[in-house]
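Examining the three-dimensional arrangement
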Amino acid sequence: MVIKAPEDPFEYFSLVEEELDTQPAIERQTPPSIDYLIEITNFSKREIQQLYRSFKELWPIGTVDLEQFQLIYASIFPNGDSKGYAELVFKNIDQNRVGTVTFLDFITNYSKIAKGTLDERLDWIFTLYDTNRCGFLAYNEIFHVVKSMYQMMDSSLKPAVLATICRQHVKIVFKNLNIANNGKVSKAEFLQRCRSDSDILASMELFGSFSSGLLNI
């Protein structure tokens, strides 16, 4: 059987996979057209193709679950315990709570962080930290995410040292956000204060490290 290559490269990949598939029982996730992805993200055609190839090499069926996602983080951050932070990022991408992430889920989120507007990046980061989805950031939530970041970077930190470092980090974040230690900040307040202080954003984001790593795998 000869496959005529369509204009859409993603459609061609799908046809080739169907032709070579020796396990038809496995359901594969078909990505949207490349034109659609160009329209809804800030990536070029070449960048989308590169990301798609990397994604498919890692997860051939076109979806990734939490455990698989954590394994990739572990390979990018070998000196730490990245499970906690990877789970936070995974849940932030898996907004529908279906337990898996598709290429569409990944690339739309990556677009916000890597090439989105400042407000898009801030919105993504706020949602990452707002683990209980209440619309406010409180001390415990920020501490939890910051702790997972430090654990990811260095798993050798002793609990007492880790706790001290995290408290100092969160104290700085709270000072920059101009909120009391026992207070909380709304999304609108978070966006407003981060727009005027780039140091807050720099101290709260790490997802780009994973995304860059994915491109180099």
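Residues numbered from 1 in each chain as written. Predicted model: local features only at pLDDT ≥ 70, side-chain atom pairs only at ≥ 80, totals over all residues. Heavy atoms only, no water.

As recorded in an unreviewed UniProt entry, the chain goes by the name EF-hand domain-containing protein, listed as coming from Caenorhabditis elegans.

Structural notes on the side chain of Glu141
Cut-off, in case you're wondering: The way it works is that DSSP assigns letters per residue, a run of H or I at least four long becomes a helix, a run of E at least two long becomes a strand, and they are numbered from the N terminus. Relative accessibility decides the category of a residue: with a 1.4 Å probe and only protein chains considered, values under 20% of the type maximum give buried, values over 50% give exposed, and everything between is partly exposed. Residues scored as charged are limited to Lys and Arg (positive) and Asp and Glu (negative), so that His and the chain ends carry no count. Take a side-chain nitrogen of Lys or Arg and a carboxyl oxygen of Asp or Glu: if they are within 4 Å of each other, that pair is a salt bridge. Any N or O atom pair separated by 3.5 Å or less is treated as a polar contact, with the protein-specific requirement of one donor-capable and one acceptor-capable atom, and with residues adjacent in sequence counted only for side-chain atom pairs.
Looking at where Glu141 falls in the secondary structure, it is placed in helix 8 (residues 139-153). Salt bridges are absent for the buried Glu141, whose nearest opposite-charge side chain, Arg133, sits at 6.7 Å. At a separation of 3.1 Å, a polar atom in the side chain of Glu141 contacts the main-chain amide nitrogen of Ala138.

Some thoughts on the packing of aromatic side chains
Here is the rule we go by: We call Phe, Tyr and Trp rings a pair once their centres come within 6.5 Å, taking the six-membered ring for Trp, and we label the pair stacked below 30 degrees between planes, edge-to-face above 60, and tilted otherwise.
A complete count under the given rule lists 13 aromatic pairs for this structure. Their ring planes at 50° and their centres at 5.3 Å tell us that Phe43 and Tyr110 sit as a pair that is tilted. Taken together, the residues span a long stretch of sequence, with Phe43 in the loop between helix 2 (34-40) and helix 3 (45-58) and Tyr110 in helix 6 (residues 103-115) at a distance of 67 residues. Exposure remark for Phe43: the relative accessible area of 6% places this residue in the buried category. Residue Tyr110 is classed as buried on the basis of its relative accessible area, which comes to 7%. For the ring pair Phe55 and Phe103, a centre distance of 5.4 Å and an interplane angle of 70° mean the geometry is edge-to-face. A residue pair is termed long-range when its members are at least 10 positions apart, and Phe55 in helix 3 and Phe103 in helix 6 qualify at 48 residues. As far as burial versus exposure is concerned, Phe55 and Phe103 are alike and both buried.

A closer look at the pattern of salt bridges
Applying the stated criterion across every chain, the model contains four salt bridges. Among the salt bridges present, the one from Lys91 reaches Glu87, with a minimum N-O distance of 3.1 Å. With a gap of four residues between them, Lys91 and Glu87 both fall in helix 5 (residues 83-93), about one helical turn apart.

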